[in-house]
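One-letter residues, chain by chain:
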Amino acid sequence: MAIYAQAFSTSANADLGIVADIKSAATSNLSVREIAVTVNTAVSPLLSLRRSITEFLQIDPRQFQPEERGDVPSLSTMATVWSNSPSLATAFLRRTTNVLGPGSGVIWSFPRGLWVPPSTSLAIGGNSLTGYSLSVEIEE
Amino acid sequence: MAIGSLSLSTTVTTIGAAANDLLAASTIAPRIMEVHVNLGAATASTYGLGRSGNIPVQTAPVLLLAENPTDPAFKSGCAVAWTTAPTVPANFFRRVTLPATSGSGIIWTFPRGLMLAAGAAMLLWNLATNSAFTNVTWVADE
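Bear in mind that the values here come from a model prediction, so they are computed numbers and not experimental data. (Residues numbered from 1 in each chain as written. Chains lettered and ligands numbered in written order. Predicted model: local features only at pLDDT ≥ 70, side-chain atom pairs only at ≥ 80, totals over all residues. Heavy atoms only, no water.)

Q: What is the right way to read the packing of aromatic side chains from this model?
A: Any two aromatic rings considered together are summarised by their centre-to-centre distance and by the angle between their planes. Residue and element names in this part refer to chain A. In this structure the tally under the stated criterion is one aromatic pair over all chains. For the pair F56 and W82, a centre-to-centre distance of 5.2 Å together with 70° between the ring planes defines the contact as edge-to-face. Taken as a pair, F56 in the loop between β4 (46-51) and β5 (62-63) and W82 in the loop between β7 (77-79) and β8 (94-97) lie far apart in primary sequence, 26 residues in all. Note on accessibility: F56 and W82 belong to one class, buried. We note R62 situated over the ring of F8; from NZ or CZ to the ring centre the distance is 4.1 Å. Of note, R95 hangs over the ring of F92, and the distance from its end group to the ring centre comes to 4.7 Å. (Phe/Tyr/Trp six-rings, centres within 6.5 Å; stacked < 30°, edge-to-face > 60°. Helix = DSSP H or I, 4+ residues; strand = E, 2+ residues; numbered from the N terminus. Buried < 20%, exposed > 50% of the residue type's maximum accessible area, 1.4 Å probe, protein only. Lys NZ or Arg CZ within 6 Å of the ring centre and 35° of its normal.)

See the structure below:
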């Protein structure tokens, strides 16, 4: 197992209210260690975390980067655009309402890992159309 | 032992009533690892975390979600309404007053676990007339 990270800015998808998904490869699990989300403008979205029910078909996926040089490339990816409209579980793993203000946000940590089985995703939700800054660390 | 979590929004604003609970199954004693409380409305709110004085009967409970989906399904469940309402804790483990700012909140952590006896309930209790929309997350080892 090795530690990987990915960080970037994005906007919420207008149709789904999903900021990004964290997807495991078809051949391996991933375990999320930490998710940090902040907003770039003065909005107060409800941030959330749910599992996918149907598979996210990612467009232009971003591969996680190894934190230690020499580790093998990650197979897990994140994306902000999808070619389908995947369905999500009704129950939430996390929900947080943001304080109104740019830079506000949350860090969710999972000391024992939040597992994502092969070809499934965790969806980071945000119901304001704004820029979001994401930092995600996983173990794979 | 496995980690499970669940996030619900509460709607009970009444002072001297439970806003949310985690009820252990009669056969298992979970350890609470984290409780997150986060206001979704701009209402100054005061909460306490304590053991229920009775065994409540939940309405439409939702079971904790396994953080590793290969773990067995969890038996402890959360609710925001009850047919037998929880009664006031004798004492509180934690108390907090949150400002009238939507998005304010607190995360209580219990590195060695706050033990909940089998069949017993832990409450998030309204110590004031509280926010009508509060996000509450329970993380437990069961």
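On we go.
Q: Looking at this structure, how should I read the sheet that holds β7 of chain A?
A: Picture the strands of a sheet paired through backbone hydrogen bonds; they go either parallel or antiparallel. Residues and elements named next belong to chain A. The sheet built from six strands is open, its strands ordered β5-β7-β2-β10-β4-β8 with antiparallel pairing. Every interior strand has two partners, whereas the edge strands, β5 and β8, have only one. Judged from the two bridges that link them, β5 and β7 form a sheet pairing that is antiparallel. In the strand pairing of β7, Q63 is matched with T77. (Pairing = 2+ DSSP bridges.)

Q: Is there a simple way to explain the sheet that holds strand β7 (residues 65-66) of chain B in this structure?
A: All names here are of chain B. Taken in spatial order, the five strands line up as β7-β1-β13-β3-β11 in an open sheet, and their pairing is antiparallel. With one partner strand each, in any of the chains shown, β7 and β11 (105-115) form the two edges of the open sheet. Relative to β7, strand β1 (residues 3-10) runs antiparallel, the two being bridged by two bridges. By the bridge assignment, G4 is partnered in β7 with A66.

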